[in-house]
Amino acid sequence: MKVYKLSSEQLNKSISRIFLRTISLCILALVIGLYISLRNGTVSILTFAMVIILIAIVLTLSIQKGLKKQKESLLSYELIILENSIVKKQLNFPTIGIEYNSILSVEEIPNKGLIIKAKDENKTIGIPYYLTDYDEVKNVLSKYADIDIKKSTNTSLIKVLQYALPISVILAVIIVITSNNKYLITVSYTHLRAHETSAH
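Residues numbered from 1 in each chain as written. Predicted model: local features only at pLDDT ≥ 70, side-chain atom pairs only at ≥ 80, totals over all residues. Heavy atoms only, no water.

Visitor: Sorry, what's going on with the nonpolar core here?
Guide: Considering soluble globular proteins, one finds that nonpolar side chains tend to be buried as a cluster. Formed by 30 residues in total, the largest nonpolar core has its most connected members in Leu-79, Ile-86, Ile-116, Ile-125, Ile-127, Leu-131 and Leu-141. For this core, the secondary structure elements donating two or more residues are helix 1 (8-40), helix 2 (45-75), strand 2 (78-81), strand 4 (93-99), strand 5 (103-109), strand 6 (113-118), strand 7 (124-128) and helix 3 (134-141). In contact with Leu-131, other than residues within four places in its own chain, are Tyr-4, Lys-5, Leu-6, Tyr-77, Leu-79 and Val-137. (Core = buried A, V, L, I, M, F, W, Y, C linked by side-chain atoms within 4.5 Å. Buried < 20%, exposed > 50% of the residue type's maximum accessible area, 1.4 Å probe, protein only. Helix = DSSP H or I, 4+ residues; strand = E, 2+ residues; numbered from the N terminus. Contact = heavy atoms within 4.5 Å.)

Visitor: Please explain unusual backbone geometry as it appears in this structure.
Guide: Only a minority of non-glycine residues have a phi that is not negative, and only a minority of peptide bonds are not trans. Positive phi values are uncommon outside glycine, yet Asn-92 reaches one of about 70°. When you line up the elements, Asn-92 lands in the loop between strand 3 (85-90) and strand 4. Of note in this structure, Asn-111 is not a glycine but carries a positive phi near 65°. Mapped onto the secondary structure, Asn-111 falls in the loop between strand 5 and strand 6. Asn-111 sits in the exposed class, given a relative accessible area of 64%.

Visitor: I keep staring at the sheet that holds strand 5 and nothing clicks. Help me out?
Guide: In any sheet, the strands associate via hydrogen bonds between backbone groups, in a parallel or an antiparallel arrangement. What the four strands build is an open sheet, ordered 7-6-5-8; its pairing is mixed. Of all the strands in the sheet, just strand 7 and strand 8 (147-149) have a single pairing partner and so form its edges. On average, each strand axis in the sheet is tilted by 20° relative to the strand beside it, whichever way the strands run. The pairing of strand 5 with strand 8 spans three bridges and is classified as parallel. Bridged to Glu-107 within strand 8 is Asp-148. Where helix 3 meets the sheet, it contacts strand 5, strand 6, strand 7 and strand 8, and its direction lies at approximately 30° from that of strand 6. (Pairing = 2+ DSSP bridges. Axes fitted to C-alpha atoms, helices over the stretch in contact; angles between N-to-C directions.)

Visitor: Is there a simple way to think about helix 3 in this case?
Guide: Since the α-helix turns once every 3.6 residues, residues separated by three or four places project in the same direction. If you check which residues of helix 3 are buried, you get Tyr-134, Val-137, Val-140 and Leu-141. Down the axis of helix 3, the buried side of the element spans an arc of 125°, and every buried residue falls inside it. Buried positions along helix 3 lie against strand 1 (2-5), strand 2, strand 3, strand 5, strand 6 and strand 7. (Arc of directions from axis to C-beta.)

Visitor: Looking at this model, I keep getting lost on the sheet that holds strand 2. Mind explaining?
Guide: Read from one edge of the open sheet, four strands run 1-2-3-4, paired in antiparallel fashion. Only two strands of the sheet have a single neighbouring strand rather than two, namely strand 1 and strand 4. Geometrically, the sheet is characterised by an average inter-axis angle of 15° between neighbouring strands, direction not taken into account. Bridge count between strand 2 and strand 3: four bridges; the pairing is antiparallel. Across the sheet, residue Leu-79 finds its bridge partner in strand 3, namely Lys-88. Together, strand 1, strand 2 and strand 3 form the strand contacts of helix 3, whose direction differs from that of strand 1 by roughly 130°.

Visitor: Honestly, the pairing of strand 2 in this entry has me stumped. Any pointers?
Guide: Remark: a regular strand shows side chains that alternate across the two faces of the sheet. Inspection of the sheet shows strand 1 paired to strand 2 by four bridges, in the antiparallel sense. Note on strand 2: the bridge partner recorded for Lys-5 is Glu-78.

Visitor: I tried to follow the pattern of salt bridges on my own but got confused; where do I start?
Guide: Counted according to the given criterion, the structure contains six salt bridges. A salt bridge links Glu-136 to Lys-2, with the shortest nitrogen-to-oxygen separation between them at 2.8 Å. Taken together, the residues Glu-136 in helix 3 and Lys-2 in strand 1 connect sequence positions 134 residues apart. Assessed through its relative accessible area of 33%, Glu-136 is described here as partly exposed. Across the salt bridge formed by Lys-138 and Glu-108, the nearest N and O atoms sit 2.7 Å from each other. Taken together, the positions of Lys-138 in helix 3 and Glu-108 in strand 5 put the pair 30 residues apart, joining distant regions of the chain. Residue classification places Glu-108 among the buried positions, given a relative accessible area of 11%. Shared partners join several salt bridges into a network, and the residues in it are Lys-2, Asp-133 and Glu-136. (Salt bridge = Lys/Arg side-chain N within 4 Å of Asp/Glu carboxyl O.)

And the structure:
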């Protein structure tokens, strides 16, 4: 039996890239909103600045919270190679075991990792590319199934979130710049906050 875990160094780099990419997109959305508002002159700079600060704070805290939970879950990831099977354990996820003779296929997505599919459709194990001794695990699996190289087609929740958040920012900004009603501004902010909370 051998237990493999994810590389904390590579995981930190991956999380940092996601955070920076998401924040950058959100800042871009805010800049677009600022440009539109100043061009139309529909809202004072002071009011808009206050809304921008509130939105920026909510986005930063929400993104950090979501990524922290994701990191905790990934750090608990364990891949166990046994004599007759491979087992994956992870916080907040059910333990999955697949016997070697029941492996249906093994796919590798460049810069993503491996996907092991069993004959039982309910059993699938994902192996991130930053698993320690990744190549060693890959060699073990190659004894039981051919490894097919696939292009990335699956969109992760975090990746969707990277684009969903800036869109939410733009929508909130549009609502604000088209109305000087302070109650509408409050509702816009509250709606965005609720969206961020539910997303994580």
